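Topology and contacts: notes
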Protein chains: 4
Amino acid sequence: MSNAFTSSPLFDRLLGDGKVAKAFGAESYLQKMLAFERAWTQALMQVGAVEEATGAIALNVIDGFEPNFSKLGAGTERDGLPVPELVRQLRAGQTEAVQKAIHTGATSQDVMDSATVLICREVLLDFETRGREVLARIDALSESFGATEMMGRTRMQAALPIRVSDRLSTWQVSVSRHLEALPELVQSLATVQVGGAVGLRNTPNDKGDEVAVHVAKSLGLSVSAVWHADRTSIVNLGNWLALLTGTFGKIGADVTLMAQQGVDEVGLDGAGGSSAMPHKQNPVRAETLVTLARFVAGQQGILGQAMVHEQERSGTAWALEWMVLPSMLEAAGASLSQAQALLNQINRLGARD
Amino acid sequence: MSNAFTSSPLFDRLLGDGKVAKAFGAESYLQKMLAFERAWTQALMQVGAVEEATGAIALNVIDGFEPNFSKLGAGTERDGLPVPELVRQLRAGQTEAVQKAIHTGATSQDVMDSATVLICREVLLDFETRGREVLARIDALSESFGATEMMGRTRMQAALPIRVSDRLSTWQVSVSRHLEALPELVQSLATVQVGGAVGLRNTPNDKGDEVAVHVAKSLGLSVSAVWHADRTSIVNLGNWLALLTGTFGKIGADVTLMAQQGVDEVGLDGAGGSSAMPHKQNPVRAETLVTLARFVAGQQGILGQAMVHEQERSGTAWALEWMVLPSMLEAAGASLSQAQALLNQINRLGARD
Amino acid sequence: MSNAFTSSPLFDRLLGDGKVAKAFGAESYLQKMLAFERAWTQALMQVGAVEEATGAIALNVIDGFEPNFSKLGAGTERDGLPVPELVRQLRAGQTEAVQKAIHTGATSQDVMDSATVLICREVLLDFETRGREVLARIDALSESFGATEMMGRTRMQAALPIRVSDRLSTWQVSVSRHLEALPELVQSLATVQVGGAVGLRNTPNDKGDEVAVHVAKSLGLSVSAVWHADRTSIVNLGNWLALLTGTFGKIGADVTLMAQQGVDEVGLDGAGGSSAMPHKQNPVRAETLVTLARFVAGQQGILGQAMVHEQERSGTAWALEWMVLPSMLEAAGASLSQAQALLNQINRLGARD
Amino acid sequence: MSNAFTSSPLFDRLLGDGKVAKAFGAESYLQKMLAFERAWTQALMQVGAVEEATGAIALNVIDGFEPNFSKLGAGTERDGLPVPELVRQLRAGQTEAVQKAIHTGATSQDVMDSATVLICREVLLDFETRGREVLARIDALSESFGATEMMGRTRMQAALPIRVSDRLSTWQVSVSRHLEALPELVQSLATVQVGGAVGLRNTPNDKGDEVAVHVAKSLGLSVSAVWHADRTSIVNLGNWLALLTGTFGKIGADVTLMAQQGVDEVGLDGAGGSSAMPHKQNPVRAETLVTLARFVAGQQGILGQAMVHEQERSGTAWALEWMVLPSMLEAAGASLSQAQALLNQINRLGARD
């Protein structure tokens, strides 16, 4: 889904996240698939299914591989995913022994799920850093303005006075909870996919378990049961993204309300301008946080549909993840950036003197 | 949302769950709100804000309370929730001192969030039992039929032979993961809500923290930060329900496919009849599992919208939880029942001899 | 899904709609199914498939029918729907000829889809009346307060002055558009379902088309192609409900913002009270309109999943409609009531003098 | 949201649609915004607000405009949309009179909504053509194979024999309904947005209505009430896309089921291969239709949230449309392509001889 709003210089800096987009880009994704294929060939050597010399050639082939993207795309259209064509390109022109040293015993979903997990882990570790920066910025704002009195508001109505630190406390608690939950999430997600054609993990020569351990080790992943048709980790990841962006959406909603004339409880440097009313200072980043929260929360309702896999592997449910998850991650990245930038814009919290 | 399909004798046994419906019924919910008010008055006594004698009268009032439901409903229409009218009814005819011994310092959301959490915990503990029964039944089926060969199918196509136990293994792994995640979920959810009017937890007389501890102890809950506007636990609960029903949806999808003529890899006792074709044996429970999975997964996309609370407390976002969460729990209950019943119907897995 | 929040005296007057709940109640639904069965028997007589005398007895049986709800519920659990058991009860104790004069040639989905459509039409005609009342009330408010100046606000910021009538104009235009679209919606929805077991509309004796015309006429419905697996009309209905409640949600959002201290552009009689802060006047009905809008909009994302019917008829996709559509209709009814009541509460629009 | 799966050569031909992606690309979108600005300047001339000579220079400026995309992107990040920076670039270096001849009286949302509508119309007209091709292909299949007997299946179970034409009839009826609904949809959507800063349509010099007529005429659009905050047309468009892809999803589901071993009621040329099992023929396009249907249906549950606009214009709700609608259109384009290609693959319907 490529369009001006979400994947173009026109809007990218508002709604997109360059880092996540790059991490999930075709080039990056291909590299992760090749990393899997490399680890696989190595594992075949380690369990003795491929001879050293043959394996060494195969590894060289993988390392020096130059993809024909156009043919990979045509392969995806035909096969539903690029792996069969990728394997064809990798094996092209090689001896039969070398051909067998590449991918044999793995299935497309092994390659792609592992690649996805590798990217997600990188993105999440970056999110952790960025999340801590957001949290530090809230802490700093609380330090600067926390003691100021402001009106506490419930159900959109003035209730009783609070201090700025009281409102920020909810922000802090929520963001902290999400960051604290992250290591466990990453750990359960960062699991290699090694199942083979129908998930038996029995190739080659019933040494599938050993192969899984080797592949996992090469890729820095852990091993669990085959998860071809158990998408718990993916849905848990989506849920975490909905929580994170939901909290930033709450922060955004608060700021849009605080920025209103008549309320005026926040000062923002460099808020957005209007083409028709140059005097306006729109809390654009705060609005965007709400938009991104609603987007990600809603996507989770679609991602959850992907739990209903048929039989050993479902093309239908799986491809739904592809359409939804990377966008959720990129929106979450945008949310992190917008949150950080919004908090940096704040030069006052609480009423003007 | 009361209708023939989801809350009537006509359809309840298909799509509903009597236990959950009762646990979230008006009578039960009221009892939980009263349990909170009782614990609150006790806590006020324990921190010395209410004298023993006065408190004892207040506790008697609460214990002997007979609600006027009609007026409670009218109160909800006016106030957005029943608590102000409930407090009015509780205090009616009492001395000023006794009136002050009831609810003073608490806010409506304290009462309702705590009541909701109490019910959810009960329901989840019951789900754990029922989930273990489902798992035991899958284990038993694997014991009986696991060694039988059947065709492994990927992307809806025959792939390679597997054994029945291989397909069941995915079911087992998924259900186990959800059950293993449950204790932590319950623990983080079973947190008392004590915040007071604007979430400061500072009443009475700045002894709010002590009060929170006492109330929590009375109710068997733990204490954490005020979560009036941090709905992480609620959204995590919804996610778990989507995972659970999603897995049962996967099981249901598998069974509908196995029950097809031409595939015939499952035998079902007492499958559903047709009004037009008495010869048919419809895999009704399996279909229902898919329906319930799609329902719950989709609801999670709505529940996530409720993360965007405004300010100290949001009426809008909060009420969205009320509309969505109990239905998700009841659908999950129905899914557990249907899963159990479906598995009990199975008299053969794998091809006929 | 029966719970305190959506189907009990505690919350019904806030989030529910008694009229819709009753129209979709088990008793009402059963009556509509019986209306179909009556029309069916009559049609069998009209095309000569059933003799007059036999048919007359059958009609008497239908007219005097007293259902055993408990057995109907058990039938639903077994068969996935109550129709086979309903037919069993209708035919019980009758001669074979009379038995054949009841339901023969129809299928369960014919009965239920037609019953659903009959109820939806009634509900929608009532909605039209209520929608016109809402519109009239907006017109009256514009008449009373339209000339008052107020601040136009865009992106949550003061922009340029407008008049009250300008803001109300958007409300009027949107509500009017929905009301104007209603007759066509009702017309395309109010279509009899007559397909028979596999949708061929060929019974009895290839006189299915004639039968469809007769049944439709009896029920005041029109005839179109069999729509067992074409759910366009249902999804269009859901979309209309999302539009209607979405517009009321926009009105609600406007009022919550206008009711804020510091903005104070609306006066509300009898706004909601707080258990902790008796001085508060919460814009409860306005908040509720936003909640209902988000609820219904989100449900439409689930209802749309029900387009994916398998083969001639899908139990899975169809039952998803049952779980979602009546709740959407009831929420829309609640939205209409809350909109009307909110508009009646308004005693001032625009700034105080 | 740019990623390998939805916007790269790796997957584009499976899940994307080049035509729609291009139509919504940054370059195309910019051209539509410039078309609006051109029409606006012309209209200012036509109502006498800008002198001919000045206007002519302005039109030249617009026609010869070369955008600085990087600065436009920075402007979007700051202002929430690119229009203020676009206007700045257009006016740069011009006399004050020429500056005033560009954009004066319009607001950013006028430009962007009109541009969006222009693109949607183009896309929908193309969809009509492609939809008719799909329909023609179904007709041709019915011509070729319609008379063949096959098993009618309901609730995933063999029911009674039908002919191939009976199953295809549901496909035909559904696709036809969507195509028949298209002209009215396009007509109500293809409405110029002319409202000005706060939607009053009163500039310049109270000649806003005249301006609207001129702008509409230039762009080939019609005029209706200002719809800054009435998003009915957009949500109706989304609903139509859900219907269209939902129907193709139903067709896809049917084909995946027909392609199963043991059922074998369809023959497919060139179905997809597997990296692990060269013998497999996966019904990839059919699966993809189901995926796309679930994706679009779910997005509609998010798009509907965008009905809740605040006040005269909402940045939050509006940007949610940007994130969702173009992806829905592109997914619908992909669905049309996959449907056409799938139907072209079919070389047999009904059982093998």
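Here's a quick rundown of the structure.

Parameters at a glance
- Residues numbered from 1 in each chain as written.
- Chains lettered and ligands numbered in written order.
- Predicted model: local features only at pLDDT ≥ 70, side-chain atom pairs only at ≥ 80, totals over all residues.
- Heavy atoms only, no water.
- Helix = DSSP H or I, 4+ residues; strand = E, 2+ residues; numbered from the N terminus.
- Buried < 20%, exposed > 50% of the residue type's maximum accessible area, 1.4 Å probe, protein only.
- Contact = heavy atoms within 4.5 Å.
- Areas by Shrake-Rupley, 256 points an atom, 1.4 Å probe, with all protein chains shown as cover.
- Buried area = accessible area lost by both parts, 1.4 Å probe.
- Salt bridge = Lys/Arg side-chain N within 4 Å of Asp/Glu carboxyl O.
- Polar contact = N/O pair within 3.5 Å; in protein donor to acceptor, adjacent residues only side chain to side chain.
- Nonpolar A, V, L, I, M, F, W, Y, C, P; charged D, E, K, R; others polar.
- 1 Å grid on protein atoms, 1.4 Å probe; cavity = no way out; pocket = protein on both sides within 12 Å on 5 of 7 lines; lining within 4 Å.
- Points joined across faces, edges and corners; volume = space filled by probe spheres on them.
- Axes fitted to C-alpha atoms, helices over the stretch in contact; angles between N-to-C directions.
- Parallel < 35°, antiparallel > 145°, perpendicular 65-115°, else oblique.
- Left-handed = near helix turned anticlockwise from the far one by under 90°.
- Phe/Tyr/Trp six-rings, centres within 6.5 Å; stacked < 30°, edge-to-face > 60°.
- Least-squares fit on C-alpha atoms with pLDDT ≥ 70 in both.
- Pairing = 2+ DSSP bridges.
- Expected span 1.5 Å × (residues − 1).
- Bend = angle between axes of the 7 residues up to and from the residue.
- Arc of directions from axis to C-beta.

Focus on the overall build of chain A
Helix and strand content of chain A: 13 helices and 4 strands. Counting only C-alpha atoms and orienting by the principal axes, one finds that chain A spans roughly 80 × 40 × 35 Å. When burial is assessed residue by residue, chain A has 69% of its 353 residues classed as buried. In chain A, 76% of the contacts between residues at least 6 apart in sequence involve partners at least 24 apart. Carbon together with sulfur atoms contributes 49% to the accessible area of chain A, which is approximately 10500 Å² in total.

Describing the environment of L320(A)
Residue position: L320(A) is located in helix α13 (residues 315–345). For the pair L320(A) and R153(A), spaced 167 residues apart in sequence, the C-alpha to C-alpha distance is 41 Å. Residues within four places of L320(A) in sequence aside, it is in contact with I302(A), Q305(A), A306(A), T291(D), R294(D) and F295(D).

Let's talk about the interface of chain D and chain A
Counting residues at the interface gives 74 residues for chain D, matched by 74 residues for chain A. For the pairing of chain D and chain A, the buried interface totals around 6300 Å² over both sides, and the portion due to carbon and sulfur atoms is 66%. For the interface between chain D and chain A, the tally reads 4 salt bridges. With a shortest N-O distance of 3.4 Å, E77(A) and R285(D) are connected by a salt bridge. Seen at the junction of chain D and chain A, the total is 13 residue pairs in polar contact (both at pLDDT 80 or more). Contributions of two or more residues to the side of chain D that touches chain A are made by α1 (12–15), α3 (26–46), α5 (69–79), α6 (83–91), α8 (108–145), α12 (284–303) and α13 (315–345) of chain D. Residues belonging to the side of chain D that touches chain A are distributed by class as follows: 38 nonpolar, 27 polar and 9 charged.

Things to note about the layout of surface pockets
Rolled over the atoms, a probe as big as a water molecule pinpoints where empty space is left. Here the largest pocket defines a volume of roughly 1000 Å³. As for the largest pocket, its lining consists of 33 residues, of which A181(A), E184(A), E184(B), L185(B) and N236(B) are closest to the centre. Residue assignment for the lining of the largest pocket shows that the elements contributing at least two residues are α9 (164–189) and α11 (232–258) of chain A together with α9 (164–189) and α11 (232–258) of chain B. Looking at the lining of the largest pocket, its residues break down into 11 nonpolar, 15 polar and 7 charged. Estimates place the volume of the second largest pocket at around 890 Å³. Surrounding the second largest pocket, 25 residues form its lining, E184(C), N236(C), A181(D), E184(D) and N236(D) being those nearest its centre. Within the residue set of the lining of the second largest pocket, elements represented by two or more residues are α9 (164–189) and α11 (232–258) of chain C together with α9 (164–189) and α11 (232–258) of chain D. Here the lining of the second largest pocket gets 8 residues from one element, more than from any other, and that element is α9(D). Split into classes, the residues belonging to the lining of the second largest pocket amount to 8 nonpolar, 11 polar and 6 charged.

Notes on the packing of α12(D) against α13(D)
All names here are of chain D. Their axes nearest at 9 Å, the elements α12 and α13 cross at an angle of 160°. Considered as vectors, α12 and α13 are oriented roughly antiparallel to each other. For the element pair α12 and α13, the recorded crossing hand is left-handed. Broken down by class, the residue content of the contact of α12 with α13 amounts to 16 nonpolar, 7 polar and 2 charged.

Some remarks on the packing of aromatic side chains
On inspection of all chains with the given rule, the structure shows 24 aromatic pairs over all chains. Their ring planes at 50° and their centres at 4.8 Å tell us that F5(B) and F11(B) sit as a pair that is tilted. Like F11(B), F5(B) is buried. Relative to W40(D), the ring of F36(D) has its centre 5.8 Å away and its plane inclined at 20°; by these criteria the two rings are stacked. Of the two residues, F36(D) and W40(D) both sit in helix α3, 4 residues apart, roughly one turn of that helix.

A word on the pattern of salt bridges
Within the structure shown, the criterion is met by 84 salt bridges over all chains. Two residues, R231(A) and E321(A), come together in a salt bridge whose shortest N-O distance is 2.6 Å. Here R231(A), found in the loop between α10 (208–219) and α11, pairs with E321(A), found in helix α13; they are 90 residues apart in sequence, far enough to count as distant. We classify E321(A) as buried; its relative accessible area is 5%. Two residues, D126(C) and K19(C), come together in a salt bridge whose shortest N-O distance is 3.1 Å. One end of the pair, D126(C), is in helix α8 (residues 108–145); the other, K19(C), is in helix α2 (residues 18–23), and 107 residues separate them in sequence. Shared partners join several salt bridges into a network, and the residues in it are D17(A), K19(A), D126(A) and R130(A).

Description of the side chain of H228(C)
Residues and elements named next belong to chain C. Its location among the elements puts H228 in the loop between α10 (208–219) and α11. H228 sits in the buried class, given a relative accessible area of 2%. At a separation of 2.7 Å, a polar atom in the side chain of H228 contacts the side chain of D110.

Quick look at the relation of the copies chain C and chain B
The transform that puts chain C on chain B rotates by 180° and translates by 0.0 Å along the axis, for an RMSD of 0.0 Å. What the superposition gives is, in effect, a two-fold axis relating one chain to the other. Closest approach to the rotation axis among the C-alpha atoms of chain C is made by S2(C), whose C-alpha sits 3.2 Å away. Comparing interface residues between copies, 100% of those in chain C also lie at the interface in chain B; the contact surface is shared.

Brief notes about the packing of helix α5 (residues 69–79) of chain B against helix α6 (residues 83–91) of chain B
Two numbers describe a pair of packed helices, the interaxial angle and the distance between the axes. All names here are of chain B. Between α5 and α6, whose axes approach to 7 Å, the crossing angle comes to 140°. By the angle class used here, α5 and α6 are oblique. Touching K71, L72, G75, R78 and D79 of α5 are P84, E85, L86, R88 and Q89, all from α6. Looking at side-chain class alone, the contact of α5 with α6 contains 3 nonpolar, 2 polar and 5 charged residues.

Quick word on the relation of the copies chain D and chain A
In this arrangement, two copies of a chain are superimposed by a rotation about an axis accompanied by a shift along the axis. Once chain D is rotated about the relating axis by 180° and shifted along it by 0.0 Å, it coincides with chain A to within an RMSD of 0.0 Å. Interface residue correspondence from chain D to chain A reaches 100%, placing this contact among same-surface, isologous pairings.

Notes on the environment of F248(D)
Residue and element names in this part refer to chain D. Structurally, F248 can be placed in helix α11. Between the alpha carbons of F248 and Q340 there is a distance of 9.8 Å; along the sequence they are 92 residues apart. Contact partners of F248, with chain neighbours within four places excluded, come to V134, V175, L289, S335, L336 and A339.

Examining the interface of chain C and chain B
By a widespread convention, an interface's size corresponds to the accessible area lost as its parts come together. Listed by partner, the interface residues are 74 residues for chain C and 74 residues for chain B. Between chain C and chain B, the buried area comes to about 6300 Å², and carbon and sulfur atoms account for 66% of it. The salt bridge involving R13(B) is made with E77(C); its shortest N-O contact spans 3.1 Å. At the surface where chain C touches chain B, the tally comes to 13 residue pairs in polar contact (both at pLDDT 80 or more). A class-by-class count of the residues in the side of chain C that touches chain B yields 38 nonpolar, 27 polar and 9 charged.

A word on the pairing of strand β1 (residues 149–154) of chain B
Residues and elements named next belong to chain B. Note: β1 against strand β2 (residues 157–163), 5 bridges, orientation antiparallel. From the neighbouring strand, T154 faces β2, where its bridge partner is Q157. Joining the antiparallel neighbours β1 and β2 is a turn of 2 residues, in which R155 adopts a positive phi near 50°.

Concerning the side chain of E312(A)
Looking at where E312(A) falls in the secondary structure, it is placed in the loop between α12 (284–303) and α13. Separated by 2.7 Å, the side chains of E312(A) and R167(B) make a polar contact. In contact with E312(A), other than residues within four places in its own chain, are V198(A), H228(A), A229(A), M151(B), G152(B), R153(B), T154(B), I162(B) and R167(B).

Describing α9(D)
Here α9(D) contains 26 residues, and its C-alpha end-to-end distance of 37 Å stays within 8% of the 38 Å for a straight helix at 1.5 Å per residue. Of all the bends found along α9(D), the most pronounced is centred on L182(D) and spans about 35°, while P183(D), a proline, follows it within four residues.

Describing unusual backbone geometry
A negative phi holds for most residues other than glycine; trans holds for most peptide bonds. The peptide bond linking T203(C) to P204(C) adopts the cis configuration, its omega dihedral lying at -10°. Mapped onto the elements of the fold, P204(C) is located in the loop between α9 and α10. Even without glycine at this site, R155(D) takes up a positive phi of about 50°. With respect to the secondary-structure elements, R155(D) resides in the loop between β1 (149–154) and β2 (157–163).

Section: helix α5 (residues 69–79) of chain C
Residue and element names in this part refer to chain C. For α5, every residue scored as buried is listed here: L72, G73, G75, T76 and D79. Looking down the long axis of α5, one finds its buried residues gathered within 160° of arc, a one-sided arrangement. In α5, the exposed residues that point more than 90 degrees away from the buried face are S70 and K71. With a side-chain oxygen positioned 3.1 Å from the backbone nitrogen of S70, the residue opening α5 is N68. Positive backbone phi, approximately 90°, marks G80, located one or two places after α5.

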